[in-house]
Structure formats: C-alpha cells, structure tokens
Amino acid sequence: MKNILTGDRPTGSLHIGHFFGSLKKRVEMQYDYNTYIIIADVQALTDNFENPQKVRDNVRELAIDYLSVGIDPSHSCIFIQSMIPQIAELTVLYSNLVSVSRLYRNPTTKAEVAQKKKLFGESGESITYGFLGYPVSQAADLTAFDCEICPVGDDQLPHLEQAREIARKFNHIYGETLKEPEAVLSKMPRIKGLDGNEKMGKSLGNAIYLKDDEETITKKVMAAVTDPSKVKKDDPANPDICMVYYYHKLFNEENIETVCKECKNGHRGCVQCKKELAERIIEFLKPIHEKRKYYESHLEEVDKILMEGTKKAQEKASEVMARVRKNMKIDYFDDAKK
Ligand code: TRP
C-alpha cells in the first residue's frame, strides 16, 4: 500500500468547504492507502507564535472534526507535528537545498508575504525566517513518512512542487533516499461562500462549520445572497446567480430540477427555498454532529487516539531519519549501538 500524508493547521474549526474540498476524499482513500494525517501545529505557530494557547486548543478540536467526519483511527494515523522531532531535524538538513529566492518565488508564500506587508508594513519585518521556511518544513512532513500521494487543495500545489524539488536534489547529492510526493487534487471545485464569495473561509465570515448547530445554520442560510432582481415572493428569478440554488445543487441533488423550475417560473419564494436548504444541510450534518457529541463526551478517547497515532508516526519517521543520516554521513555512533 502506498503512503498518503495530508493535514491541516490547527487554527480553527473545519467547515463544509473543507468537507467537500478534502475531508470527503480522505475518508474514501483511507481504506486503500496507508494514511497519515498531520495536525500541523508547528506550521500554525509560524503565524500564531504569540498565541500558543489558540493553537493548543485547536489541536484537539481538529482531531474531533476529523473523527466526526469519519476519519477512522484504525485506518488513518492522526498525529501532532511538534511531537515528531525528526521533522524538525529534516527541516534543518533540507534548508541547504533551497535558496532564499526560491522560497520567495513560491506563489502561495508570495501571496502571503504581500498580505503581511499590507497589514504590518512594507519593511518586511513581519516576514520571519520560520514563515518563509514553512514550505521546507512541509517538505520534511511529507518525506519523513515516505509520502507518495498527497491529497490537497490547489493552494498547496506550490508547496508540493517545492517538496519534490528538495527530494530530487537530496537524492541527487546523497543517493536515492527520499520519495517524491505527488499531489492529488480533490475533484470538487472549491465551494463558494453563502455570500457569493469564490471561497468559503473563516476570515471571510461566510462559512458553515461542521459543528454549527441548527439555529446557526438556519440563520446563515437565511442571510445568503439571492437574485437581487427578485423582490416579491412570486417574481420569477435566475437560479444561476443565486447562492441558495448553488447550495441546493450540493445538498439537494434529487430535487434540483424542481427547485430550478419553480425558481424560474416564480412558484418558489426565497424564504421557503432557504428553509428547505437549511433543512437539507442540517440533515446532512446530523451523523457528523452525533459523532462529535460522542467524542466531546469521551475526550480521553480522543487523546488516546492522538497519542497512539503520534507514537506510530514517530516510529515511521525514525526509520526514514536513519536512512537520511546514513546517506548524509551523519550516522555517528551507530556501530557502537550494535
Ligand atoms: N499547509 C497545509 C495547510 O495550510 C497544512 C500542512 C502542513 C500539510 N503539512 C502538510 C498539508 C503536509 C499536506 C501535507 O493547510
């Protein structure tokens, strides 16, 4: 079985954009691959180093999100990045294999640099060594587990490319040691926000979280953007510019033709249409909420899953690390141990 590695930064709860964009695929793939799921707390700290409690609280939160959507700990190894010292070691060793200008050219990093400069000043004082180097650390995440396949969103493609370059360069200099991870994109296009924004995101305030309760979901759906030309309940409207219709396509596939027809001919009021959608989303999230409730009342079980996953991950990473040390000729004292 091939190895998969993927994961998230523990900075907040996951939303339905994450579900369709990556979680669904992870759940499906976990039965056919050796799956590692990294809770990237070190990477989260690059932007939150002054707020360690936030990162810490979100580690367990993220684990509960994973478990509640069906990531199965008997098939997937969920672990905490900072507890794998080999990742930190590899990051240092790889730092010689990538130039600073290459790091600045990474499109995802570049956009983040621009954002930071806009927020904190053009001098670039806010761009830390750790921030610029997080793709190197991500290369360590991937290669420490012999990851061959990495299911991620398109914003991660530059990091994957960078990891492949590092692995190739390493193998070229020190001999065949590392696997080159290959990105697999989720087939679903990125799902839009209820406000019509191209992206659903925490910072955009337009997300429906997997843990949102019925009332919150209904409130969010009721505020969704519809065809502005429709004023009265029985005005005909254009579903193609309506976010409610867009979401019906995701959550109410079997009735989609009726929804479309009734919207176009004015037989469907927006309030009713939104209520129906909210019900569908609530229905969809029901099993996820049930699982979450279970884990929230069995936190010791969540901690045990994290501990066991981390232990298994440590074993795998130390195996890869031994190979790296040997080929880089830094495998001191190994003979003495025998
Ligand atoms: N960079 C990813 C994100 O921001 C998180 C991440 C860290 C990751 N290490 C990884 C994803 C390794 C895939 C593989 O969401």
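Our structure's up above, just so we're on the same page.
The notes below deal with the structure included here.

The rules behind each value
Residues numbered from 1 in each chain as written. Predicted model: local features only at pLDDT ≥ 70, side-chain atom pairs only at ≥ 80, totals over all residues. Heavy atoms only, no water. Near = heavy atom within 4 Å. Polar contact = N/O pair within 3.5 Å; in protein donor to acceptor, adjacent residues only side chain to side chain. Areas by Shrake-Rupley, 256 points an atom, 1.4 Å probe, with all protein chains shown as cover. Nonpolar A, V, L, I, M, F, W, Y, C, P; charged D, E, K, R; others polar. Buried < 20%, exposed > 50% of the residue type's maximum accessible area, 1.4 Å probe, protein only. Helix = DSSP H or I, 4+ residues; strand = E, 2+ residues; numbered from the N terminus. Pairing = 2+ DSSP bridges. Right-handed = clockwise from strand over helix to strand, strands pointing away. Salt bridge = Lys/Arg side-chain N within 4 Å of Asp/Glu carboxyl O. Contact = heavy atoms within 4.5 Å. Core = buried A, V, L, I, M, F, W, Y, C linked by side-chain atoms within 4.5 Å.

With respect to the site of the ligand
- Taken together, 13 residues are adjacent to the ligand, and Arg9, Gln43, Gln138, Asp141 and Gln156 come closest.
- Between the ligand and arginine 9, the relevant distance is 3.1 Å, taken from an oxygen atom to a side-chain nitrogen or oxygen of the residue.
- Side-chain polar atom of glutamine 43 to a nitrogen atom of the ligand: 2.7 Å apart, as the coordinates give it.
- Coverage of the ligand by the protein chains reaches 90% of its 360 Å² of free accessible surface.
- For the shell around the ligand, the per-class residue count stands at six nonpolar, five polar and two charged.

Regarding the pairing of strand β4 (residues 149-152)
- Residues Ile149 and Pro151 line one face of β4 and the alternating positions Cys150 and Val152 line the opposite face, and both faces are buried.
- By the bridge criterion, four bridges tie β4 to strand β5 (residues 182-185) in an arrangement that is parallel. Looking at the pairing, valine 152 lines up with leucine 185 of β5.
- For the crossover that starts at β4, traverses helix α9 (residues 157-174) and ends in the parallel β5, the hand is right-handed.

Structural notes on the pattern of salt bridges
- Under the defined criterion, the tally for this structure stands at 24 salt bridges.
- Across the pair lysine 192 and glutamate 198 runs a salt bridge, and its minimum N-O distance is 3.9 Å.
- Relative accessible area serves as the criterion here: at 25%, lysine 192 is assigned to the partly exposed category.
- When its relative accessible area of 54% is taken as the criterion, glutamate 198 is described as exposed.
- The salt bridge partner of arginine 268 is glutamate 262, with a shortest N-O separation of 3.1 Å.
- Residue class for arginine 268 comes out buried when judged on its relative accessible area of 8%.
- Here the salt bridges do not stand alone but share partners, grouping Glu61, Asp65, Lys211, Arg292 and Glu296 into one network.

Re the environment of alanine 63
- Assignment of secondary structure puts alanine 63 in helix α3 (residues 52-69).
- Sequence separation of alanine 63 and isoleucine 38 is 25 residues, and the distance between their C-alpha atoms is 9.9 Å.
- With sequence-adjacent residues up to four places away left out, alanine 63 is seen in contact with Ile39, Val302 and Leu306.

Structural notes on the nonpolar core
- Ranked by internal contacts, the top residues of the largest apolar core, which has 49 residues, are Ile16, Tyr66, Ile78, Leu210, Tyr247 and Ile281.
- When residues in this core are grouped by element, the largest group, eight residues, is from helix α13 (residues 270-296).
- Not counting chain neighbours up to four residues away, the residues in contact with tyrosine 247 comprise Ile16, Ile191, Lys192, Gly193, Leu194, Met200, Asn252, Leu277 and Ile281.
- Grouped together as the second largest cluster of nonpolar side chains are 35 residues, Ile87, Leu103, Ala144 and Ala163 included.

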